[in-house]
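Now for the letters of each chain:
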Amino acid sequence: MRSLLKKLALSIALAGIGGAFVIAPAQAQLRVEVSGVGSFQIPIAIAGFANESLTPQQVTTIIKDDLVRSGYFRLIDTGAVITESSPVNFDEWKQKGAEALVVGSVQQLADDRYDVRYKLFDTVKSQTLSGFSVATPPMNTRQTAHKIADDIYEKLTGVKGMFSTRIAYVTKGGSEYRLEIADADGDGIKVALRSNEPIISPAWSADGTKVAYVSFEAKKPVVWVQNLMTGERRVVANYKGSNSAPAWSPDGTRLALALSRDGLTQIYTVNADGTGLRRLMNSSGIDTEPQFSADGQFIYFLSDRGGGPQIYRIGVNGGEAKRVTFNGNYNITPRISPDGNTLAYISRRDNKFQLYVLDLPTGQEQRLSDTTKDESPSFSPNGRYIMYATESGRRGSLAVVSVDGKVRQKLTVQAGDIREPTWGPFMK
Amino acid sequence: MRFTSQSKTIAMLISSVVLMTACASKVPLEEKAKVEEKPVVATTSQADPNAVKEVKTASVDPLDDPKGVLAKRSVYFDFDSYVVKEDYKSVVENHSKYLTTNKARKILIQGNTDERGGSEYNLALGQKRAEAVRKSMNLLGVSDAQMEAVSLGKEKPKATGHDEASWAENRRADIVYQ
């Protein structure tokens, strides 16, 4: 408890002015700092769940942290414990300023699991909006809480919640590189791969069961695919030269990647098992960082065929490449939003490497970061946020920003570097 | 026949001397097995007294000479440049000469970049540096089967500072013998 308080105090001091606040879950190795608020904020009251001290982690604490971190909710103090079966006095909650109310309970089941029940009310319309119950093994308490937060987020904002999704990233501590998987809030960290050589460019399969990445364990970059559940891993591309930049097709059957087997780095596609290699196109410059569009019809990529690195787009079966970025002379690492309308990328301007988004229908460009060494952007699966790597006090850290630039989070580890983040998909 | 029996006698004499000295010098128990093997070797190698065994004075593979020209294995590049500079042509030439006369030797050419910019684009730029060295060596007669040009991008910086001196040190291709 004392160390948690210390951590909180330190985080608040670092977050500085501007109404920044901090969420530091007791077991987290990643510290999350949030600043800014959403374009709207829904005032919500989350009552204590009856008997929620039974579970290893308190369900409502996790729900509150999730909702506050999103930037779109303002918590109304309750102090009350209300079960899903109690009668609700809607006028009382309206008077307190709450437009929504969350209640629930936890019950121990005969088989060691917990029955977590929840209900969401619209206090303005005096009606039930949602509710469910989940039989939860003790180690899944956090997951169940994230699922409830996802449901609240979706019912009240109209956009699917992403609190139960996961992220992958690489940490470096001493001479060890680790590919780690964590919940989207940075908690629940699991190590997928340890190596004494660098690991870069992790990429999630659309079903969230596999991660492709580049490992330097063979003194050169080689592309691997690893099954997260079984730990089974296989080489997908180890051709002469460098093998890198894997990206999954939305249906999970193929990967696009960059190979230098013919001298210059060029883009190829390959089946997920490493067979069926096809060269996508021929160019006179470097082509790399391919990314499939969500509909699987296009591949966005980086090319310096015109001099400096710019972002282009080509049909998934080839054809004519079309240039997409025109501002600045260094635009790299294209990532396309799930709805296909927004392109996120890193641009170098005045020697600063910063996160930008381009609204493709209008051509409107916006800078989303104030830092100067940004890398590796990736969209949350609901398209509302972008996670990216940046530097904080000479050390690698992760940042999350809402696509409108209004909400910001920073994730740092206590020691060592954190880099190459990539946001995982919705899980079934 | 006479020679053989004579040499056998010599061998036996030698072996007993070896054994005696071994006993005299209080060799630890676990080393006794080694000592007993020696006379057997002596018997077979001295079977033909007309045999002449060629001996070479200690000469190192020029690759292992820390003061030799082959000890230099790095080629440095200017900022945003992917051509081998005049200053480093000799490095490329010396290793090409060695590889064309030692066809069994194989090398990795690892390209590197400074820390600025994205991982993947830097990986491709490091590849261009490795390729520049590979092409130069190929023109000097080194077979492609002996070389592989790869990139480490900005992932394995030799200098870890964040200044021009460190960046210059990391704009480099290294020749690594396998």
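Look up: the structure comes first, before these words.
Below is a short write-up of the structure. Treat the numbers as computed from the prediction; the structure is a model and nothing was measured.

A few words on helix 4 (residues 119–139) of chain B. Residues and elements named next belong to chain B. Taking 1.5 Å per residue, 21 residues should reach 30 Å; helix 4 reaches 30 Å between its end C-alpha atoms and fits that length. Most of helix 4 is tucked away, with 16 of its 21 residues classed as buried. In the stretch just after helix 4, G141 is the one whose phi turns positive, near 100 degrees.

Residues and elements named next belong to chain B. Its 13 residues give helix 3 (residues 89–101) an end-to-end C-alpha distance of 19 Å, which sits within 8% of 18 Å, the value for a rise of 1.5 Å per residue. When helix 3 is considered as a whole, its buried residues turn out to be V91, V92, N94, H95, S96, Y98 and L99. Here the buried face of helix 3 lies against strand 1 (74–76), strand 2 (107–112), helix 4 and strand 4 (172–177).

Before going further, it helps to spend a moment on the interface of chain B and chain A. Residue-level contacts link 27 residues of chain B with 34 residues of chain A. Where chain B meets chain A, there are three salt bridges. Where chain B packs against chain A, one counts 16 residue pairs in polar contact (both at pLDDT 80 or more). Listed by contribution, the elements that provide at least two residues to the side of chain B that touches chain A are strand 2, helix 4 and strand 3 (147–153) of chain B. Looking at the side of chain B that touches chain A element by element, the count peaks at nine residues for helix 4 of chain B. Among the residues making up the side of chain B that touches chain A, the classes are represented as ten nonpolar, seven polar and ten charged.

All names here are of chain B. The residue N122 is located in helix 4 in this model. The class of N122 is buried, set by a relative accessible area of 3%. Residues contacting N122, with those up to four places away along its chain left out, are T113, D114, R116, G117, S151, G153 and K154.

With that settled, the discussion passes to the pairing of strand 20 (residues 298–303) of chain A. The side chains of a regular strand alternate, residue by residue, between the two faces of the sheet. Residue and element names in this part refer to chain A. For strand 20, the buried fraction is high: five of the six residues fall into the buried class. Sheet topology places strand 19 (residues 287–292) next to strand 20; four bridges connect them, and they run antiparallel. From the neighbouring strand, D287 faces strand 20, where its bridge partner is S303. Connecting strand 19 to the antiparallel partner strand 20 that follows it, the hairpin turn spans five residues, and G296 within it adopts a positive phi of roughly 75 degrees. Across six bridges, strand 20 lies against strand 21 (residues 310–315) in antiparallel orientation. Of the residues in strand 21, the one forming a bridge with F301 is Y312. Two successive antiparallel strands, strand 20 and strand 21, enclose a turn made up of six residues, where G307 displays a positive phi of approximately 120 degrees.

Residue and element names in this part refer to chain B. Locating R172 in the fold gives a position in strand 4. Side-chain polar atoms of R172 contact the backbone oxygen of E169, separated by 3.0 Å. Within the structure, the side chain of R172 is placed 2.8 Å from the side chain of D174, a separation counted as a polar contact. Not counting residues within four places of it along the chain, the set of residues in contact with R172 comprises S74, V75, Y76, F77, Q110, G111, N112, R129 and K158.

Thresholds applied
- Residues numbered from 1 in each chain as written.
- Chains lettered and ligands numbered in written order.
- Predicted model: local features only at pLDDT ≥ 70, side-chain atom pairs only at ≥ 80, totals over all residues.
- Heavy atoms only, no water.
- Helix = DSSP H or I, 4+ residues; strand = E, 2+ residues; numbered from the N terminus.
- Expected span 1.5 Å × (residues − 1).
- Buried < 20%, exposed > 50% of the residue type's maximum accessible area, 1.4 Å probe, protein only.
- Contact = heavy atoms within 4.5 Å.
- Salt bridge = Lys/Arg side-chain N within 4 Å of Asp/Glu carboxyl O.
- Polar contact = N/O pair within 3.5 Å; in protein donor to acceptor, adjacent residues only side chain to side chain.
- Nonpolar A, V, L, I, M, F, W, Y, C, P; charged D, E, K, R; others polar.
- Pairing = 2+ DSSP bridges.

The values are spatial; any link to function lies outside them.
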